[in-house]
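# Examining the three-dimensional arrangement
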Amino acid sequence: MSEMCMLCNATKKEIVSFDHLSAYSPREITGSSISSPVVVWYLHRNRGDKITFLGDYDDPSSLPFSLKIEDVLNWPDRTKDVIGELVDMRILSDHGILYPDDEETDLFIYDLRNIWESPVD
């Protein structure tokens, strides 16, 4: 099983999660044409903040910035805000939500597409 990650901002006490972006592991987050711009834009917008990735397999007794997992899990999730900014900048396009299971509406994936076209191309 792959490690599930989230981006944690200890300065602002907020997170960016990837469970609704169909990317869970560090490899998937890096390689995804959706989650990569989310990470880069969030880091760009929050330069100077104490930001780290936390994963399922991190030792709770040795988290960076003296974080406590029980606190982090209660921080607001800013993923949707970051996606909105990327949609406004025409880097991503939003095509709604995909429900893998119609009865489990809390299980969904944002249907996003990377539409960035480099001005050099």
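Each remark here, short or long, concerns the structure printed above.
Calculation criteria
Residues numbered from 1 in each chain as written. Predicted model: local features only at pLDDT ≥ 70, side-chain atom pairs only at ≥ 80, totals over all residues. Heavy atoms only, no water. Helix = DSSP H or I, 4+ residues; strand = E, 2+ residues; numbered from the N terminus. Rg over C-alpha atoms; globule rule 2.2 N^0.38 Å. Buried < 20%, exposed > 50% of the residue type's maximum accessible area, 1.4 Å probe, protein only. Contact = heavy atoms within 4.5 Å. Areas by Shrake-Rupley, 256 points an atom, 1.4 Å probe, with all protein chains shown as cover. Lys, Arg positive; Asp, Glu negative; His and termini not counted. Charge placed at Lys NZ, Arg CZ, Asp CG, Glu CD. Phe/Tyr/Trp six-rings, centres within 6.5 Å; stacked < 30°, edge-to-face > 60°. Patch = residues over 30% accessible without salt bridge, like charges linked within 9 Å, V, L, I, M, F, W, Y side chains within 5 Å. Salt bridge = Lys/Arg side-chain N within 4 Å of Asp/Glu carboxyl O. Pairing = 2+ DSSP bridges.

### Some points on the overall build of the protein
- Secondary structure assignment for the protein yields four helices and five strands.
- Reading the secondary structure of the protein in the N-to-C direction produces β-β-α-α-β-α-α-β-β.
- At 15 Å, the protein has a C-alpha radius of gyration in line with the 14 Å of a compact globule built from 121 residues.
- In the protein, which comprises 121 residues, the share counted as buried stands at 37%.
- Intrachain contacts of the protein at a sequence separation of at least 6 include 55% that bridge at least 24 residues.
- Carbon and sulfur atoms provide 51% of the accessible area of the protein, an area that totals close to 7900 Å².
- Where the 11 positive side-chain charges of the protein centre and where its 23 negative ones centre are 11 Å apart.

### A word on the packing of aromatic side chains
- In total, this model carries two aromatic pairs according to the counting rule given.
- Arranged with centres 5.3 Å apart and planes meeting at 75°, the rings of Phe108 and Tyr110 form a pair that is edge-to-face.
- Overall, the relative accessible area of 17% leaves Phe108 in the buried class.

### Focus: a negative patch on the surface
- Taken together, the side chains of Asp101, Asp102, Glu103, Glu104 and Asp106 present a region of like negative charge at the surface.
- Tracing the sequence through the fold places Glu104 in the loop between β4 (92-98) and β5 (109-114).

### Side note on the pairing of strand β3 (residues 51-55)
- Counting buried residues in β3 gives four out of five residues, a clear majority hidden from the surface.
- Examined bridge by bridge, strand β1 (residues 5-9) and β3 share five bridges and lie antiparallel to one another. Bridging from a neighbouring strand, Cys8 pairs with Thr52 of β3.

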